[in-house]
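A structural walkthrough
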Amino acid sequence: MLVLKFGGSSVATAGNIIEVIRIVHNAAQNDRILLVLSALGGVTDTLVRCAELAAKGDEQFKNLLTTVENQHLALVQQLLPLDKQSGLLSAIKKMNNELDEICTGVFLLGEVSPRAKDRIISYGELMSSLIVTEACQQRNMDVSWVDARSCIVTDSAFGNANVQFDPTFNKIIQSVNAVKNRILVFPGFIAANAEGVTTTLGRGGSDYTAALIGAAMGVQEVQIWTDVSGMMTADPRLVPHARVIPSLSYLEAMELSHFGAKVLYPPTVQPLMSKNIAVTIRNTFQPADPGTTINGKTEKRESGVRGLSSIPGIALISLEGSGMVGIPGFSKRLFGVLSDNSINVILITQGSSEHSICVGIDEKNAALARQKTDAEFSGEIIAGRVNPLELETGLSIVALVGDQMKSHPGISGKMFSALGRNGVNVRAIAQGSSERNISAVIATADVEKALNVLHEEFFETTYKQINLFIAGTGNVGGRLLAQLQQQEQYLREHLHVQIQVKGIANSKMMFFSKEGLPPGKWRDHLQKGDPMNSELFFDKIRSLNLRNTVFADVTANDKIAGAYQGLLEKSIAVVACNKVAASASYPTYRRLKDTAREFNTQFLFETNVGAGLPLIGTLNDLVRSGDTVRKMEAVLSGTLNFVFNHYNGERTFAAVVRQAQEEGYTEPDPRLDLSGTDVMRKILILARESGFPLEMEEVVNISFMPESCMTGSLDHFYNEMEKHESYFRKLLDDANANASKLKFVATCADGKASVGLRQIVPGHDLYHLYGKDNVVLFYTNRYSEQPLVVKGAGAGAEVTASGVFADILRAAR
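Conventions we followed
Residues numbered from 1 in each chain as written. Predicted model: local features only at pLDDT ≥ 70, side-chain atom pairs only at ≥ 80, totals over all residues. Heavy atoms only, no water. Salt bridge = Lys/Arg side-chain N within 4 Å of Asp/Glu carboxyl O. Helix = DSSP H or I, 4+ residues; strand = E, 2+ residues; numbered from the N terminus. Buried < 20%, exposed > 50% of the residue type's maximum accessible area, 1.4 Å probe, protein only. Pairing = 2+ DSSP bridges. Contact = heavy atoms within 4.5 Å. Axes fitted to C-alpha atoms, helices over the stretch in contact; angles between N-to-C directions.

The next point concerns the pattern of salt bridges. Using the criterion set out here, one finds 28 salt bridges in the structure. The partner of Glu689 in a salt bridge is Lys593, and the shortest N-O contact between them spans 3.1 Å. Linking Glu689 in helix H27 (residues 677–690) with Lys593 in helix H21 (residues 586–598), this pair joins segments that are 96 residues apart in sequence. This pair shows no difference in class: Glu689 is buried, exactly as Lys593 is. Two residues, Arg810 and Asp807, come together in a salt bridge whose shortest N-O distance is 2.5 Å. In this pair, Arg810 and Asp807 are both assigned in helix H30 (residues 797–812), 3 residues apart and thus about one turn of the helix distant. Residues joined by salt bridges that share partners form a network here, namely Arg333, Glu376 and Glu380.

Set out below in structure tokens:
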């Protein structure tokens, strides 16, 4: 004997009902079937709305009742032959006439009692079960209809009645044994009190009906057929990668259903657990799927976590006061007030100091809880021993569930660490000694991100998803996107990382994609985007509130750099190719570093100094390992090194600078390079990372450029350099006369920094530096005589993009 229960979506249309009949017919070949049916999808909500409108004196309830009637009449016409419809059509019309009379009475009274509402909404299950019964009979199935109200006995707590188990089980056994049909159909959700008045078992109560019938008859299995293929590791509407849980213990299923897993009505498990009857969650629309089996077995899992769940609409109330410490009775009085006012406590936490009690309740009861609690403790509040009740709304609970979590140390730490890395603030925590459930109260706005973070942490062993936003699509930005496309498969296979570009912007346009932007098609998408507005761009990044978010700034824009603070405060990692922020005032630089640390995220700017060279990373490793930097000597401009390596007197200095610009080695305005300003910024950043709180004004710049070259347009700049060719040639000739090379050198020693053109003699570490290479000599306590040398290409879009890419991966880790 089996119990099969079908939910509202399974009987929403004629096509769905035909599939239900097929499933029942197949099951009945081997077992006697006790079939429990919900109302048609959406009908119960409509009937509740009818009752509410009628109570308000709104005649719109009549239109809704007509819709309900027509929906059921249409089903009869679709499922039954024309010559077999009249009897069932008459029954449906009669029930809808009764509905109309009851709602009209409610309309005239101007109120709806819980008893009347139960009567009104009971018609949904009554009509759906009669239609399916008749449809089965017309298909020559051995079927009979049983009114659940004659079997299931409850008290008179209308709306969510309590079952009287002994009389209920006796009546179910009598009703089932009284008929010999192969299939018995029961309307779910509805019951009756001892006087025969209609009651209901609470929303979702059809599952409970199935469980009661299954427990009473000792069936081998109760099957809950719905529109998903079992209980999921998380809500698939919020977590795209959620997957079916093959099996759960009774207690795990109860925890998940209590904490928001809507597939199963929470009370369902209890009567079946006492009889050790398995429950299977199946998909009506994919009947071949095995679904989820719930029984008394606890399956071992590597992490111990079986699923994630959440409850929205939570309010936290906190009773605090120094007068509570060591004084018994406060908890009793608080919970007594809540109980007396029918306010259910969802979560409790109290510190060992006894200074405060924090309770989670349904948000809709928050105002009442505060009013009644403040009244109860009014004497203590006036005396200053207790504070007025604190109330916080807009919250939700997220929970980890699993029987085996207690056998796996560190799960709580892993949970809260993952949430913290993604800027999800935990307002309260509850964990019982069984460790079957670890619950955290967080802002409702963070629920989707939190569930995805935790699902990735505990269930997605294949790869970690990074959500990337990029500002800047020029030379470096374009190559970065090309590298992301090129390395996509490698990152998945070797680093188990998937980088999804969720937003992109340049100076003109911006575009967002929730599904992720294919890096190879970014130009087409960007052209279809919106006009660039930096405030809206960053507001969108924050409002999307995605897990593992990284922002990459591949611009030189002051306004973009000004947004870093707000991103870091949302635990969004910032990767900056832009030097503006790290070379801004020291308090600004320090604030960004401190904010990243405070909000457990990353502010990375390796490419600020040496493009793809690991200069800042090497410097950080020295300092973190306890070394002290005494002096740094460096050639930090790939542009200037390229220029002086190629200027040999055969071409003019201006021609060599133009070549450097055309090959992409300079800033858009080469004067930023030739003035030494760019090098000043770079040595400033290195000095700060070494521990020296320098400002830009403190860096001495011994400029070699004639002043007339540094004003006006770019054309004027090149013309002026041509006019001063004799000056540049003399610099070269003087160096050649001393058997030296010209290098633009940055130095930092004892907290003082300078930049300027120098003649470098043979044998010096800076002498053999070719092309666009950069080099930094680190003189430290450990490298006092022979410096630590980092050398390589320090300019070019390709190597700079690779440096940004590397920082993105660091942020991801």
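Turning next to the sheet that holds strand S23 (residues 573–576). Pairing is mixed in the open sheet, where 7 strands are placed in the order S21-S20-S19-S18-S22-S23-S24. With partners counted over all chains shown, the strands left at the sheet margins are strand S21 (530–531) and strand S24 (603–604), one partner each. Bridging between strand S20 (residues 509–517) and S21 involves 2 bridges; their strand directions are antiparallel. Bridge assignment links Met509 to a residue of S21, and that residue is Pro531. Packed on one face of the sheet, H30 meets strand S18 (464–471), strand S19 (497–505), strand S22 (549–553), S23 and S24 and runs near 165° to S23.

All right, on to the sheet that holds strand S4 (residues 153–154) then. Sheet architecture is open: 3 strands sit in the order S4-S6-S7, paired in mixed fashion. The open sheet terminates on both sides in strands that have one partner only, identified here as S4 and strand S7 (198–200). As defined by bridge partners, S4 adjoins strand S6 (residues 190–193) across 2 bridges and the pair is classed as parallel. Across the sheet, residue Thr154 finds its bridge partner in S6, namely Asn193. The strands touched by helix H5 (residues 114–137) within the sheet are S6 and S7, with S7 carrying the most contacts at an inclination of about 80°.

Let us look at unusual backbone geometry. One non-glycine residue, Ser571, lies in positive phi territory at about 60°. Tracing the sequence through the fold places Ser571 in the loop between helix H20 (564–568) and S23. In this structure Ser571 comes out as buried when scored by relative accessible area, which is 7%. Of note in the backbone geometry, Asp750 takes a positive phi value of approximately 55° without being a glycine. As for its placement among the helices and strands, Asp750 is situated in the loop between strand S27 (741–749) and strand S28 (752–760). Look at Asp750 and you get exposed, because its relative accessible area is 67%.

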